[in-house]
Amino acid sequence: MPVEQIARELSTTAMASSVRIIAADGTEDEVTMALRAARGSIEEVEATCSRFDASSELSRVNARPSGPHEVSALLLEMVGLAVTGHQGTTGRFDPRVLGDLERMGYDRTFLEMNREGGHLAQRPPRGDWAPVVDPHRALLDLRGAPIDLGGVAKGAAADRALRAMAVHGVHGLVDIGGDGAVSGPDGLGAPWSIGIEDPDGQEEPVAVFALSRGGYATSSIRLRHWEIAGTAVHHLLDPVTGQPGGEGLRSVTVLAASGAMAEIAAKAAFLAGRSGIAQHADDESLACFWIDVEGRRSWSAAMTPSLIWVRP
Amino acid sequence: MTRRRAKRSAAMGPALAVAAAAASVTGVAVAWAAQGVGGTAASAPTPTTAAGSDADATKAAQLRAQIHAARAQLAAGSTTTTAPTDGAAPVTVGEPASQPVAYATAPTPTTSAPSTVPTTTVTAPPTTQPAPPPTTVVTGASGAG
């Protein structure tokens with residue numbers, strides 16, 4: 001009997017990233033509906049949470065960050081995830097770095113930004129982030145601080161897309177710009193095989209891990225780095241100082257229960273820096289793989305069971 | 001359903017999702033707390049009685065009652081018990097429930113001691129194959145614009 005040929009994959013572009021949506025199971029009709037629903041779900045997150053689109057709901061709230069706004073359940077969900085991430089990482093994840101990023105010139109998409117116009121400014125440390133997130137009255141109050149949800153939105157969008165697929169009885173993988181999540185094994189019943197990109201740009205991955213459920217994310221400075229007055233900077237900022245963080249690291253990959261949590265945890269782990277990331281991973285029982293500026297590859301004990309190959 | 005009510009209903013899902021996510025982020029702490037709940041079993045002495053004696057049976061029943069009361073107090077955080085009415089020594093059971101005794105059995109990190117350099121490096125790769133297995137996707141920065 002011939003194997004049923006179904007278009008089980010959809011590739012598109014959203015959130016300034018390449019997107020891959022892969023269905024592992026389901027009939028042709030189910031897969032068609034699931035892929036469509038997943039894409040729509042991701043587009044909805046982009047339209048709601050983009051800081052580069054002046055018409056997005058987030059941009060509307062950011063433009064007047066003091067005072068309550070009636071907002072969608074989706075934006076509340078995203079901000080709620082960010083609050084959870086902020087609290088769960090004791091402040092290492094902080095969407096209020098938006099102001100610092102904009103001062104450094106990252107006030108539009110990275111491809112469009114003016115790399116000559118930024119500056120590094122010193123500022124005093126900020127207190128805890130505690131916006132008002134009221135799902136009962138559908139209200140959001142950022143309490144004066146505009147935010148960037150770029151640190152959680154891709155992972156959260158992947159999670160949401162998988163839920164949209166599940167409505168049609170389909171499981172699979174959703175990858176958005178290198179961050180993503182899976183909702184079960186692949187089409188052959190085996191874990192998905194996911195590579196970790198070489199920060200030097202070589203095509204061959206530096207490692208490969210297996211994943212049957214949960215999310216994955218990589219925080220890397222490979223692409224988003226530039227110079228300000230002769231100083232090399234990148235987009236992963238320490239929220240305490242507002243300056244680029246993660247000294248000594250080039251790339252951190254984390255596996256977690258969801259795409260959103262992986263994305264948050266990867267940033268927090270990166271900001272621990274080369275000197276602190278091992279302890280941080282141990283303390284959090286984090287499945288974590290990191291590459292330092294000298295190319296050394298290391299991983300936590302919790303990562304070991306998932307690794308199926310590391311470049312010799 | 002009004003528009004506002006519909007929004008409220010829709011928002012409840014995310015609220016639950018946030019709670020679940022919080023549990024994920026603080027999963028370690030939650031797991032350890034759960035260990036604390038279940039790790040303080042009281043080691044009360046088992047009353048011994050002489051078979052066939054009504055007096056001993058009564059005494060044993062009293063002792064069981066004392067132990068029961070002691071356990072109730074233990075649960076409330078006290079180590080002392082009400083003195084028995086027959087003049088016997090008070091029965092003391094276990095340690096205060098508030099003592100963090102569960103941490104003795106809590107899971108410890110499986111990696112090596114903290115250091116200023118990565119200490120969890122595993123020198124032997126999971127496989128010695130020179131070429132990587134086929135991958136479905138690659139996690140990293142190249143997919144982001």
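Just above, that's the structure.
This section reports on the structure supplied with the text. Quick caveat, the model's predicted, so the values are computed rather than measured. Each chain has its residues counted from 1, running along the sequence as written. All chains are assigned letters beginning at A, and all ligands numbers beginning at 1, according to the order in which they are written. pLDDT decides what is reported in this predicted model: residues at 70 or higher carry local features, side-chain atom pairs at 80 or more are listed and counted, and totals for whole chains, interfaces and linings draw on all residues regardless.

A separate point is the overall build of chain A. A run of H or I in DSSP becomes a helix once it reaches four residues, and a run of E becomes a strand once it reaches two; helices and strands are each numbered from the N terminus. In terms of helices and strands, chain A carries seven helices and 16 strands. Here chain A holds 312 residues, and 53% of them are scored as buried. Pairs at least 24 apart in sequence give 64% of the contacts found in chain A among residues at least 6 apart. Exposure classes come from backbone-placed C-beta atoms, where a residue is buried if 20 or more other C-beta atoms lie within 10 Å of its own, exposed if 12 or fewer do, and partly exposed in between. We call two residues in contact if the C-beta atoms placed from their backbones are at most 7 Å apart.

A word on the nonpolar core. All names here are of chain A. Any nonpolar core is a set of buried residues, restricted to Ala, Val, Leu, Ile, Met, Phe, Trp, Tyr and Cys, that join up through C-beta atoms within 7 Å. Formed by 94 residues in total, the largest nonpolar core has its most connected members in M78, A161, V254, A265, A269 and C288. Looking at this core element by element, the count peaks at ten residues for helix α6 (residues 259-271). Once you skip the residues sitting within four places of it in the chain, A265 turns out to touch V254, A256 and L286.

It is worth spelling out unusual backbone geometry at this point. All names here are of chain A. You will see that M15, though not glycine, has its phi angle at about 55°, which is positive. Structurally, M15 is set in the loop between β1 (9-14) and β2 (17-23). Look at S285: it is not a glycine, yet its phi comes out positive at around 50°. Positionally, S285 belongs in the loop between α7 (273-284) and β14 (287-292). For S285, a count of 17 C-beta atoms within 10 Å corresponds to the partly exposed category.

What follows covers the packing of helix α1 (residues 28-49) of chain A against helix α3 (residues 73-88) of chain A. All names here are of chain A. Throughout, an axis means a line fitted to C-alpha atoms (over the contacting stretch in the case of helices), and angles, computed between N-to-C directions, take values from 0 to 180 degrees. Viewed as axis vectors pointing N to C, α1 and α3 meet at an angle of 80°, and their least axial separation amounts to 10 Å. Between α1 and α3, the interaxial angle falls into the category roughly perpendicular. Contacts between α1 and α3 pair E44, V45, T48 and C49 from the former with L74, L75 and M78 from the latter. Across the contact of α1 with α3, the residue classes break down as five nonpolar, one polar and one charged. What sets the label is the angle itself: under 35 degrees gives roughly parallel, over 145 gives roughly antiparallel, 65 to 115 gives roughly perpendicular, and the rest give oblique. Gly counts as polar in this scheme, as do all residues outside two lists: the nonpolar Ala, Val, Leu, Ile, Met, Phe, Trp, Tyr, Cys and Pro, and the charged Asp, Glu, Lys and Arg.

What follows concerns the sheet that holds strand β1 (residues 137-139) of chain B. For two strands to count as paired, DSSP must find a minimum of two bridges between them. An order of β16(A)-β9(A)-β8(A)-β1(B) is seen for the four strands of this open sheet, with the pairing classed as mixed. Single-partner strands in this sheet number two, and they are β16 (307-310) of chain A together with β1 of chain B. Pairwise comparison of adjacent strand axes, ignoring direction, gives a mean angle of 30° for this sheet.

Residue and element names in this part refer to chain A. Ordered by their spatial adjacency, eight strands build an open sheet running β1-β2-β6-β7-β10-β13-β14-β15, and the pairing between neighbours is antiparallel. Each edge of the open sheet is held by one strand with a lone partner, namely β1 and β15 (297-299). When strand polarity is set aside, the average angle formed by the axes of neighbouring strands in this sheet is 10°. As defined by bridge partners, β14 adjoins β15 across three bridges and the pair is classed as antiparallel. Note that in β15 the partner of W290 across the bridge is S298.

Now for the environment of V152(A). Residue and element names in this part refer to chain A. One can find V152 in the loop between β5 (139-141) and α5 (153-166). C-alpha separation for the pair V152 and A265, spaced 113 residues apart in sequence, amounts to 9.7 Å. For V152, the residues in contact, after removing those within four places along its chain, are M78, L81, A82, G85, A260, E263 and I264.

All names here are of chain A. With four of its five residues buried, strand β9 (residues 207-211) lies for the most part within the structure. One ladder, built from five bridges, connects strand β8 (residues 192-196) with β9; its direction is antiparallel. Within β9, the residue paired with I196 across the bridge is A207. Judged from the three bridges that link them, β9 and β16 form a sheet pairing that is antiparallel. Directly across from A207, in β16, lies its bridge partner V310.

This paragraph deals with the packing of α1(A) against α5(A). Residue and element names in this part refer to chain A. Two elements in contact, α1 and α5, have axes whose closest approach is 8 Å; the angle formed by their N-to-C orientations is 150°. Judged by the sense of rotation from one axis to the other, the crossing of α1 with α5 is right-handed. The residues of α5 that touch α1, namely those facing A34, A37, A38, S41, I42, V45 and C49, are A153, A156, A157, R160, A161, A164 and M165. A breakdown of the residues in the contact of α1 with α5 according to their chemical character gives twelve nonpolar, one polar and one charged. Note on convention: near helix rotated counterclockwise from far helix by under a right angle means a left-handed crossing. Clockwise means right-handed.

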